[in-house]
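Structure assessment
For reference, the chains in residue letters:
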Amino acid sequence: MPSPPLAPPGRTRFRATPFGTATVCAALALFLLVLVAVRWSPLMSVDRTVADTLHRSAVTEPGLVHVNRILTDWVWDPWTMRVLIAVAVVAVWWRGARDLALWVAVTSVLSALLQQGLKSAVGRERPRWPDPVDSAHYAAFPSGHAMTATVSCALLLWLLRRHGTGPLVWRTALVVGWVSVIGVGVTRLYLGVHWLSDVLGGWLLGAALVGFSVAGFARYEGRGGPVLRRHS
């Protein structure tokens, strides 16, 4: 009796985890931070080339500059993002998940503290122009707009995923999130108020922070959380 054919060996599929993704992003952010701090010449050259190219375009396109300023100052402004997080925190708290609401709020606050601390520590100057199309103050690295958008959009998507929304809403939210995160970085570059490495640093740090936060909350739940419950 012939033996049955052997089944092909199963393939091991790599699956990214929040902690693993956060670790990679944090390592890349640290590496980039070191390069910025020591003013590594190739990186400085790329930053300057990108900035000069975009600025030459911006000074000849006042209409496009106006659109970018509306997007960066209103639609994707850090305070707009924080308001969205505040609304989400209140909604989650009202639904009874007070531990989750506090976790999201603390993550958002940590993001603001981290970016301001790094700005102060690195003390990088922003691009300077004889004919600026916009202005910004304080240090450049990392981009607060890019980091805040990354943290806020990622946290909102995480909450939406936990809520179990439908596929259409989820895909729409993903698109809006990605467009917001990438878009705000582009506006900061086009308006000449950040270097490319500032924006990359903001994206990486934001992704790392949210990844560690999500992994931490999963571990907290696995240990028997939540502790804070809604009172009946």
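Scroll up to find the structure.
Note that residues are indexed from 1 along each chain, following the sequence as it is written. Local features are withheld for residues below a pLDDT of 70 in this predicted model, meaning they are given only at 70 or higher, and side-chain atom pairs are given and counted only at 80 or more; totals for whole chains, interfaces and linings count all residues. Derived side-chain values reflect all non-hydrogen atoms in the structure, with water molecules and hydrogen atoms excluded from consideration.

What counts as a helix is a DSSP run of H or I of at least four residues, what counts as a strand is a run of E of at least two, and both are numbered from the N terminus. Across its full length, the protein chain carries eight helices and zero strands. Counting from the amino terminus, helix and strand elements in the protein chain follow one another as α-α-α-α-α-α-α-α. Seen through its C-alpha atoms, the protein chain measures out along the principal axes to roughly 80 × 65 × 35 Å. We call a residue buried when its accessible area falls under 20% of the maximum for its residue type, exposed when it is over 50%, and partly exposed in between, using a 1.4 Å probe and counting protein chains only. Per-residue burial for the protein chain yields a buried fraction of 41% across its 232 residues. Note on contacts: a residue pair qualifies if any of its non-hydrogen atoms lie within 4.5 Å across the two residues. If you take every contact in the protein chain between residues at least 6 apart in sequence, the share linking residues at least 24 apart comes to 78%. Residue exposure ignores everything except the shown protein chains as possible cover, and the areas themselves are Shrake-Rupley values with a 1.4 Å probe. As displayed, the protein chain offers around 13,800 Å² of accessible surface, 68% of which is attributable to carbon and sulfur atoms.

Another point: a nonpolar patch on the surface. Each patch is built from salt-bridge-free residues with over 30% relative accessible area, joining like charges within 9 Å and nonpolar side chains (Val, Leu, Ile, Met, Phe, Trp, Tyr) within 5 Å. The salt bridge definition used is simple: a Lys or Arg side-chain nitrogen within 4 Å of an Asp or Glu carboxyl oxygen. Together, Leu30, Val34, Val38 and Trp40 give the surface a local cluster of nonpolar side chains, amounting to about 400 Å² of exposed area. Here Val34 shows up in helix H1 (residues 18-37).

Turning our attention to the packing of aromatic side chains. By convention, a stacked pair of Phe, Tyr or Trp rings (six-membered ring in the case of Trp) has centres within 6.5 Å and planes under 30 degrees apart, an edge-to-face pair has planes over 60 apart, and any other such pair is tilted. A full pass over the atoms with the stated rule returns five aromatic pairs. Ring geometry for Phe19 against Phe212: centres 5.5 Å apart, planes inclined by 65 degrees, an arrangement best described as edge-to-face. Of the two residues, Phe19 is situated in helix H1 and Phe212 in helix H8 (residues 196-222); the sequence distance between them amounts to 193 residues. The partly exposed category is assigned to Phe212, whose relative accessible area is 35%. Measuring from centroid to centroid gives 5.6 Å for Trp103 and Tyr220, while their planes differ by 25 degrees, and the two rings are stacked. Within this pair, whereas Trp103 is found in helix H5 (residues 98-122), its partner Tyr220 is found in helix H8, the two being separated by 117 residues in sequence. A relative accessible area of 27% means that Trp103 is categorised as partly exposed. A relative accessible area of 22% places Tyr220 in the partly exposed class.

What we call a nonpolar core is a set of buried Ala, Val, Leu, Ile, Met, Phe, Trp, Tyr and Cys residues that are connected through their side-chain atoms within 4.5 Å. With 29 residues, the main nonpolar core has Leu100, Val104, Leu155 and Trp158 as its most contacted residues. Mapped onto this core, the elements with two or more residues apiece are H1, helix H2 (41-58), helix H4 (78-94), H5, helix H6 (144-163) and H8. Sorting elements by how many residues they give to this core places H8 first, with seven residues. Discounting residues that sit within four places of it in the chain, Leu100 has contacts with Val92, Trp158, Leu159, Arg162 and Phe217. Core analysis: the second largest hydrophobic core is formed by six residues, Met81, Ala149, Val181 and Val184 among them.

This brings us to empty space enclosed by the protein. Throughout, the protein atoms alone are placed on a 1 Å grid, and a set of points is a cavity if a 1.4 Å probe fits but cannot get out or a pocket if it is open with protein on both sides within 12 Å along at least five of seven lines; lining residues have an atom within 4 Å of a point. Grid points are joined across faces, edges and corners, and a volume is the space filled by probe spheres set on the points. With the rule as written, the count across this model stands at one cavity of 30 Å³ or more. Its volume calculated, the largest cavity comes out at about 40 Å³. For the largest cavity, the full set of lining residues is Arg82, Ser108, Ser111, Ala112, Thr148, Val151 and Ser152. If you list the elements that add at least two residues to the lining of the largest cavity, you get H5 and H6. The residue classification treats Ala, Val, Leu, Ile, Met, Phe, Trp, Tyr, Cys and Pro as nonpolar and Asp, Glu, Lys and Arg as charged. All others, Gly included, are polar. When its residues are assigned to classes, the lining of the largest cavity shows two nonpolar, four polar and one charged.

A few words now on unusual backbone geometry. Cis geometry is found at the peptide bond from Phe141 to Pro142, where omega equals -5 degrees. Structurally, Pro142 can be placed in the loop between H5 and H6. You will see that Arg39, though not glycine, has its phi angle at about 55 degrees, which is positive. Inspection of the secondary structure assignment puts Arg39 in the loop between H1 and H2.

All right, on to the layout of surface pockets then. Considered as a void within the structure, the largest pocket measures approximately 790 Å³ in volume. Forming the boundary of the largest pocket are 25 residues, of which Ala154, Leu157, Trp178, Ala207 and Val210 lie nearest the centre. Secondary structure elements with two or more residues in the lining of the largest pocket: H1, H6, helix H7 (167-190) and H8. Among the elements that take part in the lining of the largest pocket, H6 stands out by supplying seven residues, more than any other. Taken together, the residues that form the lining of the largest pocket break down as 18 nonpolar, five polar and two charged. Reported here for the second largest pocket is a volume of approximately 580 Å³.

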